Amino acid sequence: MTTTPVRHTVDHPLARLTADEITAGRTIVDDAGLLTASTRFVYVALHAPDKADVLAFTPGGPVDRKLDVLLLDRATGVGTELLVNAIDRSIETSRSIQAHAEGQVPILDEEFEDIESYLLDSEPWLAAMSSRDIDPAKVRAVPLSAGVFGHEDEVGKRLVRVLGFYQDDEKDLPWAHPIDGVVAYIDLTERTVTKVVDELDLPVPAERAEWDAAPHAVPARTDLKPIEITQPEGPTFTVSGDEISWVNWKFRIGFDVREGLSLHQISFRDGNRDRSIVHRASIAEMVVPYADPSPVRYWQNYFDQGEYLFGRYTNSLELGCDCLGEIQYFDVTIADEKGNPKVVPNAICLHEEDYGVLWKHTDMFNGMTETRRQRRLVVSFFLTIGNYDYGFYWYLYLDGTIEFEAKATGVVFTSAYRGPDGYSSEMAPGLGAPFHQHIFAARLDMAVDGHTNAVDEVDAVRVPMGEDNPWGNAFTRSITRLTSEQDATRTADQSKARVWAIVNPSVQNRLGQDVAYALHPEGQPVLLADPGSSIAGRAAFATKNLWVTQYDPEQRYPAGSFVNQHPGGGGLPEYIAGNRSIDNKDIVLWHTFGLTHFPRTEDWPVMPTDYAGFKLKPSGFFDRNPTLDIPASTGTTDHCAHGTVNQHGEHNGNGSAHS
Ligand SMILES: [Cu+2]
């Protein structure tokens, strides 16, 4: 079942942009004389309101509305950055982006669409296809961000690099047939192929990859019985505009094409207080670096946010497929490349899930026996970018845990298979899937019981045998305050059960301990590329699991504002250059996590979902287990009853006590 869509209005400084506001933004830009026939809107988003204004806002109060806008003049390749005031209908700031130093604005869909025609106009490309006996009309172009590798002839040019995939007929999946050994470089402004690197003659794998056709297809099994999730009294959450309340939780959702979904002002009701935990949480960058060093593929690294604005590719979700149960969908409204509003229906999914046992005990002495069930609120969206599909899932649990989980599925990127000494797995005869990583960076503007916080690194440590530890059994934990930005570039260490506790030194629990939430990393590898590589400079954020900065509203993106063809060093390395104090300040945590993917045969022809994420768990934040008020589940049998057991384990419980 699904409830009616929520109509969202501008009732809060953080309310998501409406279609009317996007239209107004376009009109303001047009009236200012900034639109020509070749101007395209790369990015239109709500300009983050001042934090002080957000915190001071009271319902019904005035809201300031500004739009961040990026334009690209396709005729010249010049990008323009604008701040548009939607209330007084003015352009507050406007400047041209210096692409050679700052990087290029992200790549448009429109720029991708014309690529195949450029290939068909390129003699060297046609020659490369001819030498392989490939009909060039059957080659699908996969244009990919170019990166920066110090090639003199590329400085200041707006480029992509293109790999070709053969598609025999409309149903054929081109990913099965990489035309490896050759790559075309494209100048998007000149609209031409500038270079073809044709280095290796590698056979094009022949076996097809549609999962519903030979040789992969199998009959659908008929023995799976339905699982139906019903909530006869409806969901527990309530939605008002972009604000969501569920049990003790309250937060707002935001969405833009760069970061996708964001969560704002996350708080947990404790007694009669709404206690703040996170001011703003988002996934602020991701990068997919590939390990293939060959002359035609060494450059493959995609920043799906900063280079591609992946939120444009958000899926419309289908009930019963993507989310199960009592669902609240939210449409999202984005701007198309002409600056007009475009609605993605059912883009964000909100629902509750049962999550097994929350806590349980059967006492051997007093006979108490209890089981209480955990549940979580899920807010999520999915997008498709090229061969991959990514899900972004935020979970809030009854016990105060916040979890983020990225889901990666779809089709792995392919190459020719070059043998066991290469940098790929063999997926099908002659077909390789290069090793790669999917690395994400969360930006967590923390607000643990207020806006001045500090970070402690907490490690498990072994205590040497000695006078105070004569039997050698002792172990303890070491707690190290990370006091400045450059002290706080840290790597996870699962061998030490390392966590980072975000502490409020001004607020104590009933035992006098500073209240805290702890970031629990998964501890998977950081960027595996050599520290001297181009990607290590451009994705410096990915070389550490933790960065902490003093809050600055201009510091939003781990790899910098303009990532496409940025030469490197942007984002976090710049943000921490001043080495500000982070001890008892308004701080932002940046957490890098992800997957290191050595593709398996089981990932072909379509990959079962893989996962990466992190948790934020209360650690001394509550005075005791905050879920003692969760009632025993309503059950129709004694299974879910609570009460006591006698010493023979027989149930004496009071079945009427559950409600
Ligand atoms: Cu992968």
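Each chain carries its own residue numbering, running from 1 in the direction its sequence is written. With pLDDT at 70 or above as the cut-off, local features in this predicted model cover only qualifying residues; side-chain atom pairs require 80 or more to be listed or tallied, and sums for whole chains, interfaces and linings still use all residues. Note that the side-chain values use all heavy atoms of the structure and ignore hydrogens as well as water.

Section: the overall build of the chain
Runs of E in the DSSP output that reach at least two residues are strands. Runs of H or I that reach at least four are helices, and both are numbered from the N terminus. The secondary structure content of the chain amounts to eight helices and 31 strands. Radius of gyration here uses only the C-alpha atoms, and the compact-globule reference equals 2.2 Å multiplied by the residue count raised to the power 0.38. For 659 residues, the compact-globule formula gives about 26 Å, and the C-alpha radius of gyration of the chain, at 27 Å, lands near that figure. Buried residues in the chain amount to 52% of all 659 residues. Pairs at least 24 apart in sequence give 65% of the contacts found in the chain among residues at least 6 apart. The Shrake-Rupley method, run with a 1.4 Å probe, gives the accessible areas here. Residue values count only the displayed protein chains as cover. Just so you have it, the chain exposes about 28,800 Å², and 51% of that area is on carbon and sulfur atoms. Charge centroids of the chain, computed over 57 positive and 95 negative side chains, lie 4 Å from each other. Throughout this description, buried means an accessible area under 20% of the type-specific maximum (1.4 Å probe, protein chains only), exposed means over 50%, and partly exposed covers the range between. Here, two residues are considered to be in contact whenever any of their heavy atoms come within 4.5 Å of each other. Residues counted as positive are Lys and Arg, residues counted as negative are Asp and Glu, and His and the chain ends are not counted. Where a charge sits is defined by one atom per residue type, namely NZ (Lys), CZ (Arg), CG (Asp) or CD (Glu).

A closer look at the coordination of the copper ion
Counted as donors are N, O and S atoms no farther than 2.8 Å from the metal, or 3.2 Å for Na, K and Ca; water is not among the atoms, and sites may therefore look incomplete. The copper ion binds to the protein through Tyr388 (OH), His436 (NE2), His438 (NE2) and His597 (ND1), with metal-donor distances spanning 1.9 to 2.0 Å. Read in sequence order, the donor residues coordinating the copper ion give the pattern Y-x47-H-x1-H-x158-H. One end of the pair, Tyr388, is in strand β18 (residues 388-397); the other, His436, is in strand β23 (residues 436-446), and 48 residues separate them in sequence. No difference in accessibility class separates Tyr388 from His436, as the two residues are buried.

Some thoughts on a nonpolar patch on the surface
Excluding any residue in a salt bridge, patches collect residues exceeding 30% relative accessible area, merging like charges within 9 Å and nonpolar Val, Leu, Ile, Met, Phe, Trp and Tyr side chains within 5 Å. The salt bridge definition used is simple: a Lys or Arg side-chain nitrogen within 4 Å of an Asp or Glu carboxyl oxygen. Nonpolar side chains collect at one region of the surface, where Ile227, Ile229 and Leu324 lie side by side and expose about 300 Å² of accessible area between them. By the element assignment, Ile229 lies in the loop between β8 (192-198) and β9 (238-240).

Observations concerning the side chain of Asp256
By the secondary structure assignment, Asp256 is in strand β11 (residues 249-256). Buried within the structure, Asp256 lacks any salt-bridge partner; its nearest side chain of opposite charge belongs to Arg556, at an N-O separation of 4.4 Å. In protein, a polar contact means a hydrogen-donor-capable atom and an acceptor-capable atom, both N or O and within 3.5 Å, with residues adjacent in sequence counting only if both atoms are side-chain atoms; elsewhere, any N or O pair within 3.5 Å suffices. At 2.9 Å, the side chain of Asp256 forms a polar contact with the backbone nitrogen of Glu259.

A short note on the pairing of strand β22 (residues 431-434)
A two-sided burial pattern is seen for β22, the buried positions comprising Leu431 and Ala433 on one face and Gly432 and Pro434 on the other. As judged from the two bridges shared by strand β20 (residues 415-416) and β22, these two strands associate in the antiparallel manner. Paired with Ala416 across the two strands is Leu431, which belongs to β22. Examined bridge by bridge, strand β21 (residues 424-428) and β22 share four bridges and lie antiparallel to one another. When the sheet's bridge partners are listed, Ala428 is paired in β22 with Leu431. Adjacent in sequence and paired antiparallel, β21 and β22 are bridged by two residues, among which Gly430 carries a positive phi angle near 75°. For two strands to be treated as a pair, DSSP must find no fewer than two bridges joining them.

Remarks on the packing of aromatic side chains
Here a ring pair, both rings aromatic, is described through the centre-centre distance and the interplanar angle of the planes. Each aromatic pair joins two rings of Phe, Tyr and Trp (for Trp, the six-membered one) with centres within 6.5 Å, and gets the label stacked for planes under 30 degrees apart, edge-to-face for over 60, and tilted for any other angle. For the coordinates displayed, the defined rule picks out 33 aromatic pairs. Among the aromatic residues, those joined into a ring-pair cluster are Phe255, Phe310, Phe381, Tyr388, Tyr390, Phe392, Trp394, Phe404, Phe440, Phe593 and Phe614. Charge-over-ring contacts are defined here by two conditions on Lys NZ or Arg CZ: a distance within 6 Å of the ring centre and an angle within 35 degrees of the ring normal. Of note, Lys51 hangs over the ring of Tyr551, and the distance from its end group to the ring centre comes to 3.8 Å. Above the plane of the ring of Tyr393 lies Lys407, whose end atom (NZ or CZ) is 3.8 Å from the centre.

Points about the sheet that holds strand β6 (residues 159-166)
Taken in spatial order, the four strands make up an open sheet running β5-β6-β7-β8, and their pairing is antiparallel. The sheet is open, and its two borders are formed by β5 (139-145) and β8, each paired with just one other strand. Between one strand axis and the next, the sheet turns by 30° as a mean value, whatever way the strands run. Pairing between β6 and strand β7 (residues 178-187): six bridges, direction antiparallel. The partner of Val162 across the bridge, within β7, is Ala184. Think of each axis as a best-fit line through the C-alpha atoms, taken over the contacting stretch in the case of a helix, with angles from 0 to 180 degrees between the N-to-C directions. Strands β5, β6, β7 and β8 of the sheet are contacted by helix α6 (residues 123-131), whose axis makes an angle of about 175° with β7.

Considering the layout of surface pockets
Taken as a whole, the second largest pocket spans an internal volume of roughly 820 Å³. Cavity and pocket criteria rest on a 1 Å grid covering protein atoms alone: a 1.4 Å probe that fits but cannot get out defines a cavity, protein on both sides within 12 Å along at least 5 of 7 lines defines an open pocket, and an atom within 4 Å of a point defines a lining residue. In this structure, the second largest pocket is lined by 37 residues; those nearest its centre are His47, Asp68, Glu81, Glu554 and Ser561. At the level of elements, β1 (39-46), α2 (51-56), β2 (66-73), β3 (78-85), β4 (90-96) and α8 (572-575) are the ones that each hand at least two residues to the lining of the second largest pocket. Broken down by element, the residue count for the lining of the second largest pocket peaks at four residues, all from β2. Grid points are joined across faces, edges and corners, and a volume is the space filled by probe spheres set on the points.

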